[in-house]
Amino acid sequence: MPLTIEEMLQIGDLKDVEVLAGERGLSSRAVKTVVVIDVPNAGQWIRGGEFLLTSGYLFADDEFSFIDLVDSLAQKNAAALGVKVGRFLSKIPDEAISKANKYNFPILKIPTYMNHVDIINPVLSAIINTQYKLLETTETLRNKFLDSILFSKGVEGILNILEDFLNIGVAFVDNILGIRYYSQNSGLKDVIENSYITEIVNKYPNTQITIGDRVIGYLLYEKEPSYLTHFADIAIREAQRALLLNYQKTEFAHEVERRHRDVFLKDLLYSKFKRPAEVFLQAKIYGWDPTWKLIVAVIYTDHINKENFDDKLTNSYRNENEFSLSQKFAAYFPGTVLTRIDPHYVALIPVREEENYTFLRNKIKELHQIISQSKKIDLVITLSSVKKDLLEAPHAFSECLETFDILRRTEQKPGVYSWCDLGVEKVLCALKGTEMSQNFWKHTLGKLIDRQDESSSFLLQTLEALIINDWQMRQAAAFLHVHYNTLKYRIKKLEEILEINGLQEGKQRFEVTLAFMLYRLEHNNLSRIPQKS
């Protein structure tokens, strides 16, 4: 903190100086230098922070120039004006006193016996000492914070240093991961641990920590820190820098590890390893126990039907998103490793002996809800069946992709879906795209699909509605928002086009349903109707 006028008046003989006006500015106006003025229009050269001295000789017969000077000095943020009253200037004009009080600009009465040099030398010495103390404190704090980062004491280490200096409890809220950190004696833990970030920053004094336009967190204080110590702003500024450095260090370490881990996981998921021993050896580097079973989870951020959504995201956002997902999955399932394979994220989740599939699925549903709410995005997670070890990860990954492919074609809502919960779709996936499958749906539905008139779209929707509603005609009519007789007419048209004598028989319905499902798995170009809830 710079030397204030109030502090300056405690130096040596300056205690004899009398304050004539602007007393409220004593603690707020800071002295940067001392200047003796010898011209009446000295105000035009003021830069701010000057303590100006005058014998009053220039204004002995011109009080208006003195009034103008006070007005100019006050508005240009000079520190104060010292005048030897009684030698050349008999008194300070009342209007000058009034202006000085208005602007909280101190006018000081210098004793006539006091030489200017007796003021200048001690004040300049005090300014230099204050600046030295400022630099010394800054250097001490900076070294402490840097040592904390170098010795990997984490965010808590930075907060403890700040707490010791400010003598108040502090906390840091990570805006990216939502994690709260506290200094050793902070009383904030009990009151903010389960609060939303917006509530916290509105309630407590805080400093925003940013990188560019990204807010990475908030530094919180039990009390307003600016009233605690002259050097509070320095301590907070250095703590800000330390938190930024610690974040960048963590992010860089994560990025280096991520690149190596991503290569390993992609080689694993795409079956590029030739020897099992090589898989388990590399997996140990990332903390994976070879005895663990596993399930694979594929996370699709944003709406399930929105393809290539990730193309518009910046690398910075993607990396941040991946880091956040990694931390959340690791918190719920220790040992999880995660990678990004555009346009989705893939997590290998270890399964311990005491954990069953239902328990894991419910935990993932809970995590799905947390991520969806915190990121404000539609999220789909597909799960594989449990596999005995890492060597079966490619098969598990394939199950997740097949599950999502089925969901995408049937337009299911965001949520958590398991390969184990799929029914006949799993069998149909094995037939999808085969010559047998194509021959079957073309033979059964080809005459309807090949039609190019406007009615074909409505008839396909009608067929889908019947299948969704288990061939219950009244339910299907309500589902389509059409009259029952309209539905009967459409069914008759379907029978004519498909050359089927009645869609009332179970065998014919089954064949049409099977053909439609196979066609839907291979094509996603129909005019869709809403799914039954």
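In this report, we go over the structure that sits alongside the text. All of these numbers come straight from a predicted model, not from anything done at the bench.

### Quick look at the packing of helix 5 (residues 154-166) against helix 8 (residues 232-269)
When two helices pack together, their arrangement is captured by the angle between the axes and the distance separating the axes.
Stage number 1. At a minimum axis distance of 10 Å, the contact between helix 5 and helix 8 shows a crossing angle of 175 degrees. One finds that helix 5 runs roughly antiparallel with respect to helix 8. Contacts between helix 5 and helix 8 pair G154, V155, I158, L162, F165 and L166 from the former with A232, A235, I236, A239, A242, L243 and N246 from the latter.
Stage number 2. Here the contact of helix 5 with helix 8 is composed, by residue class, of 11 nonpolar, two polar and no charged.

### A look at the sheet that holds strand 12 (residues 293-301)
Stage number 1. The mixed open sheet is built from five strands, whose spatial order is 13-14-12-15-16. In this open sheet, the two edge strands, each paired with only one partner strand, are strand 13 (337-341) and strand 16 (415-418). Strand-to-strand twist of the sheet, defined as the mean angle between neighbouring strand axes without regard to direction, takes the value 20 degrees.
Stage number 2. Across seven bridges, strand 12 lies against strand 14 (residues 344-351) in antiparallel orientation. Each bridged residue has a counterpart across the sheet, and for I299 the counterpart in strand 14 is Y345.
Stage number 3. Docked against the sheet, helix 8 engages strand 13 and strand 14, running at close to 80 degrees with respect to strand 13.

### A closer look at the pattern of salt bridges
Stage number 1. A complete count under the given rule lists 14 salt bridges for this structure.
Stage number 2. A salt bridge links E251 to R214, with the nearest nitrogen and oxygen atoms 4.0 Å apart. With E251 in helix 8 and R214 in strand 11 (residues 214-221), this pair connects stretches of sequence that are 37 residues apart.
Stage number 3. Judged by relative accessible area, E251 falls into the partly exposed class, the value being 29%.
Stage number 4. Each of E255, R258, R259, R261 and D262 takes part in a single network of salt bridges with overlapping partners.

### Structural notes on the packing of aromatic side chains
Stage number 1. Here the structure, examined in full by the defined rule, presents 11 aromatic pairs.
Stage number 2. Seen from their ring centres, Y270 and F397 are 5.8 Å apart, and the 90 degrees between their planes marks the pair as edge-to-face. Highlighted residues: Y270 in the loop between helix 8 and helix 9 (276-285) and F397 in helix 12 (residues 393-410), separated in sequence by 127 residues.
Stage number 3. Using a relative accessible area of 3% as the deciding quantity, one classes F397 as buried.
Stage number 4. Through successive ring pairs, a cluster of aromatic residues spans F264, F273 and Y286.

### A word on the pairing of strand 6 (residues 80-83)
Stage number 1. Residues A80 and G82 point to one face of strand 6 and L81 and V83 to the other, with burial holding for every one of them.
Stage number 2. In this sheet, strand 6 lies alongside strand 5 (residues 50-54) in parallel orientation, the contact comprising four bridges. Among the inter-strand pairings, T54 is bridged to a residue of strand 6, identified as V83.
Stage number 3. The handedness of the strand 5 to strand 6 crossover, carried by helix 2 (residues 63-75), is right-handed.
Stage number 4. Judged from the three bridges that link them, strand 6 and strand 7 (residues 107-109) form a sheet pairing that is parallel. Note that in strand 7 the partner of V83 across the bridge is K109.
Stage number 5. Where the polypeptide runs from strand 6 across helix 3 (residues 94-102) and back to strand 7, its parallel neighbour, the crossover connection is right-handed.

Reading guide: rules and limits
- Residues numbered from 1 in each chain as written.
- Predicted model: local features only at pLDDT ≥ 70, side-chain atom pairs only at ≥ 80, totals over all residues.
- Heavy atoms only, no water.
- Axes fitted to C-alpha atoms, helices over the stretch in contact; angles between N-to-C directions.
- Helix = DSSP H or I, 4+ residues; strand = E, 2+ residues; numbered from the N terminus.
- Parallel < 35°, antiparallel > 145°, perpendicular 65-115°, else oblique.
- Contact = heavy atoms within 4.5 Å.
- Nonpolar A, V, L, I, M, F, W, Y, C, P; charged D, E, K, R; others polar.
- Pairing = 2+ DSSP bridges.
- Salt bridge = Lys/Arg side-chain N within 4 Å of Asp/Glu carboxyl O.
- Buried < 20%, exposed > 50% of the residue type's maximum accessible area, 1.4 Å probe, protein only.
- Phe/Tyr/Trp six-rings, centres within 6.5 Å; stacked < 30°, edge-to-face > 60°.
- Right-handed = clockwise from strand over helix to strand, strands pointing away.

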